[in-house]
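Read off the chains here:
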Amino acid sequence: MIAEIVVISGKGGTGKTTFASSMFAALGDSVLADCDVDAPDLAILLDPVPSVHEAFAGARKAWIDPVVCRNGAACDGLSPCITRCRFAAIRSDFRVDRHCEGCGVCFHVCPAGAITMRESTTGSLMVGSTEYGPMVHGLLEPGEETSGKLVSAVRRRARREATDAGMRFIITDGSPGIGCPVISSLSGAHHVVIVTEPSISALRDMERLVDLVESFHIPATVVINKADISETMTVRVQQFCRSQGIAVGMTLPYDEQVINAITRRTIPFVAYPEFFQDNGFGPFLANLKLSVADYLGVS
Amino acid sequence: MEICIVSGKGGTGKTTLATWLFAYHGGSALLDCDVEEPNAGLFLDVGWDSVESVNTGYPIIDEYFCANCGACASFCAFGAILSSPKATFVLPEMCHDCGGCGIVCPHGAITFGERKTGKIGQGVVNSPREHGGFFSYGELNVGEFSGVRIIKKLRESAPKDRLVFIDGPPGTSCSAVAALENVDYAVLVGEPTPFGISDMAMAVRMIRELGLPFGVVVNKAGIGNDDILDYCHKEGLTILGSIPFKRTVAESMAGGREGWLEMEEENLQIIAPIAEALALEAGLSQGVS
């Protein structure tokens, strides 16, 4: 059995990726999945030796054959494709632009059969090996819509890699926000780690994220990063967590050496283990393992 | 004129810069298009004019006419309809509102209803500095997949008579594009760390694909190293300026409006050269500022 732990934040820039990389290095026995597919950064720290690089065909796009269409002559200029398209994706010259969501309505209504739906590559999926275990990551082409699908593909692949390698854990680094890439990273996850910071923006964002996580009925633990930036806000974050019955698993001060490690492209836990150990990383990881132990079938 | 602020990486300081630019140009407009996690309003004192829901359509299947033939489910590209010979039902959040199921249904069993996917609020900002500035935000309901529809609606209702700043979402996917499309100028907020540069490169690709003029602001200058400047020079990017990392800025922004107000004068001084460089690059006319 494989337990998946998803690391998310709501607000961007709180330290998800930094923390997830440290969890991966410290936990061992895991596969790392970078599901922040808009802007994946873990490869910068993990420097994976690539073994797989696949195109990800996440969507369909309509394609209008100009030879058949003849600029609308084929439908006597009625152009039901243009009038029926809800996304204003077909230009007056019958070219389909990037607004196409691949619904297939134009394909269905074209009287001349001039339209086909073509698979479109919206990103890529990569697998590699790192010093600490296998890593799967996805990269979405800028502007594309199918981030949720690519996240699902990365997670599925991570599960396959974990099964093949006999690993017990998957650590998934998620996206900021609460939209489809986050939703896609939550279904089937066994535990959520929310990395936040003591600011009003992060607290507001976390409240919304907690709503989402609770709708999935997944247990969560909060990590308060850069806690000494604001004692007042740290207290408010702690109060919020208490009111929701969510444990604060770790509270970390802001430390330049963490940024220095990142700048040197090193995993902070590896470069500066005492910072993590002194702030309770050991018990945090032990509690995490305990939380998923039932699922793993270990005592 | 519309100026959109994006970043690629989250947490680089988009909202910080957007609210400061909005304050610097008193009487302008600010649109919070980070509809999954809108925060700009936390720093402003807004007199609300309206809060309206944003709706989207979804199919309603009339069991009387439905023959469970499955044509709608086969057609749906988004997995919003599930059908078996015994039952057909809709997953409304998956629906992209394309209308296709209604077109293909051979039994006339499909009509369309409306459901709430989020909201848009707008108002006038009350404070001496931002006198009469226009503020609007969009907010996506928790559990919804995409805020693109809300962002588009928010942008449609932007005032046309003044300078408009758009606080964009993080990332480079469809939401960021919806915030950026057709603006006059984009500001890319980067941070001088390896993650910041890597994500910035993706944002540069996105902005270039949209064919928009843009400039870079380096925030939290001093942490990390100078690789970001090398990257900008290599790519021939315009650097509008940089904001030095100061713990006091992080501390004041952490507190919301109170902290923002306390540091207002100091922050506006920090931002003045950037605002002026932006005005020059974006071609802001004399009358607007």
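Read on for an overview of the structure. (Residues numbered from 1 in each chain as written. Chains lettered and ligands numbered in written order. Predicted model: local features only at pLDDT ≥ 70, side-chain atom pairs only at ≥ 80, totals over all residues. Heavy atoms only, no water.)

Let's talk about the overall build of chain A
Under the convention used in this document: For helices the rule is a DSSP run of H or I covering at least 4 residues; for strands it is a run of E covering at least 2, with both sets numbered from the N terminus onward. For the exposure calls, accessible area comes from a 1.4 Å probe over protein chains only, and a residue counts as buried if that area is under 20% of its type's maximum, exposed if over 50%, partly exposed in between. For accessible areas, the Shrake-Rupley method is used with a probe of radius 1.4 Å. Any residue's cover is judged against the shown protein chains and nothing else. None of His or the chain ends enter the tally, which takes Lys and Arg as positive and Asp and Glu as negative. By convention, the charge on Lys lies at NZ, on Arg at CZ, on Asp at CG and on Glu at CD.
Each helix and strand counted, chain A has 13 helices and eleven strands in total. Taking all 299 residues of chain A together, 61% fall into the buried category. Of the roughly 12100 Å² of accessible surface on chain A, 50% is carried by carbon and sulfur atoms. Mean positive and mean negative side-chain charge positions of chain A (26 and 33 charges, respectively) differ by 7 Å.

Thoughts on the packing of aromatic side chains
Aromatic ring pairs: the centre-centre distance and the angle between the two ring planes describe each pair. Residues and elements named next belong to chain A. As a reminder, the rule being used: In this analysis, rings of Phe, Tyr and Trp, with Trp reduced to its six-membered ring, are considered paired at centre separations within 6.5 Å, and the interplanar angle assigns stacked below 30 degrees, edge-to-face beyond 60, and tilted for intermediate values. For a ring to carry a charge above it, either NZ of a lysine or CZ of an arginine must fall within 6 Å of the ring centroid while also lying within 35 degrees of the normal to the ring plane.
Taken as a whole and judged by the stated rule, the model has 14 aromatic pairs over all chains. Note on F281 and F284: the rings are 6.2 Å apart at their centroids and 10° apart in plane angle, and the pair reads as stacked. Residue F281 and its partner F284 are located together in helix 13 (residues 281-296), separated by three residues, close to a single helical turn. F284 sits in the buried class, given a relative accessible area of 3%. In this structure, R118 is placed above the aromatic ring of W63, and the distance from its NZ or CZ to the ring centre is 3.8 Å.

Notes on the nonpolar core
Applicable threshold: The definition of a nonpolar core used throughout is a set of buried Ala, Val, Leu, Ile, Met, Phe, Trp, Tyr and Cys residues joined through side-chain atoms within 4.5 Å. In what follows, a contact means two residues having at least one pair of non-hydrogen atoms within 4.5 Å.
I8 and M206 of chain A together with L17, V187 and L278 of chain B are the most contacted members of the largest nonpolar core, which totals 64 residues. No other element matches helix 10 (residues 264-282) of chain B, which puts eight residues into this core. The contacts of L17 of chain B, once residues within four sequence positions are left out, are I5, V187, V189, V217, I243 and I271 of chain B.

Considerations on the interface of chain A and chain B
Here is the rule: Put simply, buried area is the surface a 1.4 Å probe can reach on two separate parts but cannot reach once they are joined, added for both. Salt bridge, as applied in this entry: a Lys or Arg side-chain nitrogen positioned within 4 Å of an Asp or Glu carboxyl oxygen. The definition of a polar contact used here is a pair of N or O atoms within 3.5 Å, where within protein one atom must be able to donate a hydrogen and the other to accept one, and adjacent residues in sequence count solely through side-chain atom pairs. Only Asp, Glu, Lys and Arg are considered charged in this grouping, and only Ala, Val, Leu, Ile, Met, Phe, Trp, Tyr, Cys and Pro are considered nonpolar; every other residue, Gly among them, is considered polar.
Taken together, the contact between chain A and chain B spans 56 residues of the former and 55 residues of the latter. In total, chain A and chain B occlude about 4700 Å² of area from one another, counting both sides; carbon and sulfur atoms represent 59% of this. Counting across the interface, chain A meets chain B through six salt bridges. In this structure, D228 of chain A and R247 of chain B form a salt bridge, with 3.3 Å as the shortest nitrogen-oxygen distance. Put simply, chain A and chain B have 19 residue pairs in polar contact (both at pLDDT 80 or more) between them. Contributing elements (two or more residues each) for the side of chain A that touches chain B: helix 1 (16-27), helix 2 (42-46), helix 5 (105-109), strand 7 (133-140), helix 7 (180-186), helix 8 (200-215) and helix 10 (256-263) of chain A. The element that contributes the greatest number of residues to the side of chain A that touches chain B is helix 8 of chain A, accounting for seven residues. Here the residues of the side of chain A that touches chain B sort into 23 nonpolar, 16 polar and 17 charged.

Considerations on the packing of helix 6 (residues 194-209) of chain B against helix 7 (residues 227-235) of chain B
Residues and elements named next belong to chain B. What counts here: Axis angles are defined between N-to-C directions and span 0 to 180 degrees, where every axis is a line fitted to C-alpha atoms and, for a helix, only to the segment in contact. Orientation labels follow simple angle bins: below 35 degrees gives roughly parallel, above 145 gives roughly antiparallel, 65 to 115 gives roughly perpendicular, and whatever is left gives oblique. Left-handed describes a crossing whose near helix is turned anticlockwise from the far helix through less than a right angle; right-handed describes the clockwise counterpart.
The contact between helix 6 and helix 7 brings their axes to 11 Å, and the two run at 25°. By the criterion of interaxial angle, the relationship of helix 6 to helix 7 is roughly parallel. Here helix 6 runs over helix 7; the crossing is right-handed. For the pair formed by helix 6 and helix 7, the contact residues are I197, M200, A201, V204 and R208 on the first element and D227, I228, Y231, C232 and E235 on the second. Counted by class, the contact of helix 6 with helix 7 contains seven nonpolar, no polar and three charged residues.

Things to note about a nonpolar patch on the surface
This is how it is decided: Residues qualify for a patch when their relative accessible area is over 30% and they have no salt bridge, like charges being joined within 9 Å and the nonpolar side chains of Val, Leu, Ile, Met, Phe, Trp and Tyr within 5 Å.
A contiguous nonpolar patch, built from L82, F89 and L91 of chain B and spanning about 250 Å² of accessible area, is present on the exposed surface. Positionally, L91 of chain B belongs in the loop between strand 5 (88-90) and helix 3 (100-104).

Observations regarding helix 13 of chain A
Because each turn of an α-helix spans 3.6 residues, side chains separated by three or four positions in sequence point in the same direction. Residues and elements named next belong to chain A. Worth spelling out the cut-off: Expected helix span is given by 1.5 Å per residue-to-residue step, counting one fewer step than there are residues. Two axes define the bend at a residue: one fitted to the seven residues ending there, one fitted to the seven starting there, and the bend is the angle between them.
Its 16 residues place the ends of helix 13 21 Å apart at the C-alpha level, agreeing with the 22 Å of an ideal helix rising 1.5 Å per residue. Within helix 13, the axis deviates most sharply at L290, by approximately 30°. Along helix 13, the residues that are buried comprise F281, F284, L285, L288, V292, A293 and L296.

Fair warning: the whole summary comes from geometry, so function is off the table for now.
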